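Examining the three-dimensional arrangement
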Amino acid sequence: MAMKLEGSCRCGAVRFAVDSHTPYPYQRCYCSICRKQDGGGGYAINVMGDSETLEVEGREAIGIYRVEISDNGSSHFSSAERNFCMKCGTALWLYDPNWPQLVYPFASAIDTDLPVPPSHVHLMLDFAASWV
């Protein structure tokens, strides 16, 4: 059964809701992209939502950032779109057209109480900041 997740940015300019069959914030990524772009404790916790159910208020305040990735001397921009509030900078959700049926809201932007995950997966540990 899907759980309706409601979220917002810090300043209140953006509010959103999405249905999720996986509302457990179980992944903690320590890569520089998650640490620097999305903040919070040095990692971003992603939750999956059904993109067809995404409802947004304040869309005019949303900016999209695509990360430039360097690999073996060449660089390209990620297809993933990191949506954020342009007024306060809150990371809201990630959308990737490679998986159009999904949207990945950041747990830090969710206002609904999330269930405690049964376990945690720590990713990209080689890139964790020394203070983690």
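Notes on the structure follow. Throughout, a residue's number is its position along its own chain's written sequence, starting from 1. Given that the model is predicted, a residue must reach a pLDDT of at least 70 before its local features are reported, and side-chain atom pairs must reach 80 or more before they are shown or counted; all residues, however, enter totals for whole chains, interfaces and linings. With hydrogens and water excluded, all non-hydrogen atoms of the structure serve as input to the side-chain values.

**Things to note about unusual backbone geometry**
- Positive phi outside glycine occurs at Met124, with the angle close to 55 degrees.
- Comment: elements are numbered from the N terminus, with helices defined as DSSP H or I runs of at least four residues and strands as E runs of at least two. Turning to its location among the elements, Met124 is positioned in the segment after β12 (121-123).

**Observations concerning the pattern of salt bridges**
- When a carboxyl oxygen of Asp or Glu is within 4 Å of a side-chain nitrogen of Lys or Arg, the pair counts as a salt bridge. Scanning the entire structure with this criterion turns up three salt bridges.
- Among the salt bridges present, the one from Lys4 reaches Asp19, with a minimum N-O distance of 3.6 Å. Of this pair, Lys4 sits in strand β1 (residues 3-8) while Asp19 sits in strand β2 (residues 15-20), and the two are 15 residues apart along the sequence.
- In this structure Lys4 comes out as partly exposed when scored by relative accessible area, which is 39%.
- In this structure, the salt-bridge partner of Glu81 is Arg66, at a minimum N-O distance of 2.7 Å. Only protein chains enter the area calculation, which uses a 1.4 Å probe; residues under 20% of their type maximum are buried, those over 50% are exposed, and those in between are partly exposed.

**Remarks on the packing of aromatic side chains**
- Aromatic pairs are defined between Phe, Tyr and Trp rings, using the six-membered ring for Trp, whenever the two ring centres lie within 6.5 Å; interplanar angles under 30 degrees are classed as stacked, those over 60 as edge-to-face, and all others as tilted. Counted under the stated rule, the structure contains one aromatic pair.
- Relative to Trp93, the ring of Phe16 has its centre 5.1 Å away and its plane inclined at 65 degrees; by these criteria the two rings are edge-to-face. Note that Phe16 is positioned in strand β2 and Trp93 in strand β10 (residues 91-95), a separation of 77 residues in sequence. In this structure, Phe16 and Trp93 share a single accessibility class: buried.

**Thoughts on the environment of Cys11**
- Mapped onto the fold, Cys11 is located in the loop between β1 and β2.
- With 76 residues separating them in the primary sequence, Cys11 and Lys87 have C-alpha atoms 7.4 Å apart.
- Apart from residues lying up to four places away in sequence, Cys11 is in contact with Cys85, Lys87 and Cys88. Here a residue-residue contact requires only that any non-hydrogen atoms of the pair lie within 4.5 Å.

**What about the sheet that holds strand β4 (residues 49-50)?**
- One bridge is not enough; two strands pair if DSSP finds at least two bridges between them. Strand order across the open sheet formed by five strands is β4-β11-β10-β9-β6, with antiparallel pairing between neighbours. Bordering the open sheet on either side are β4 and β6 (62-65), each of which pairs with just one other strand.
- Bridge count for β4 against strand β11 (residues 102-105) is two bridges, and the pairing is antiparallel. Its bridge partner lying in β11, Asp50 is registered against Leu102.

**Re the nonpolar core**
- Put simply, a nonpolar core is a bunch of buried Ala, Val, Leu, Ile, Met, Phe, Trp, Tyr and Cys residues held in one set by side-chain atoms that sit within 4.5 Å of each other. Of all hydrophobic cores here, the largest spans 15 residues; its most connected members are Leu5, Cys9, Val14, Phe16, Ile62, Leu92 and Trp93.
- Contact partners of Cys9, with chain neighbours within four places excluded, come to Val14, Cys85, Cys88, Thr90 and Leu92.
- In terms of nonpolar packing, the next biggest core, distinct from the first, is built from six residues, Ala91, Leu94, Tyr104 and Phe106 among them.

**Section: the side chain of Glu81**
- Relative to the helices and strands, Glu81 resides in strand β9 (residues 81-85).
- Setting aside its immediate chain neighbours within four residues, Glu81 contacts Ile64, Tyr65, Arg66, Trp93, Leu94 and Tyr95.

**Digging into the sheet that holds β1**
- What the three strands build is an open sheet, ordered β1-β2-β5; its pairing is antiparallel. Single-partner strands in this sheet number two, and they are β1 and β5 (55-57). Taking each pair of neighbouring strands and ignoring which way they run, the sheet shows an average axis angle of 15 degrees.
- Where β2 lies against β5, three bridges are found, and the strand directions are antiparallel. Bridging across to β5, Ala17 finds its partner in Glu55. Simply put, an axis is a line fit to the C-alpha atoms, just over the touching stretch for a helix, and the angle between two N-to-C directions goes from 0 to 180 degrees.

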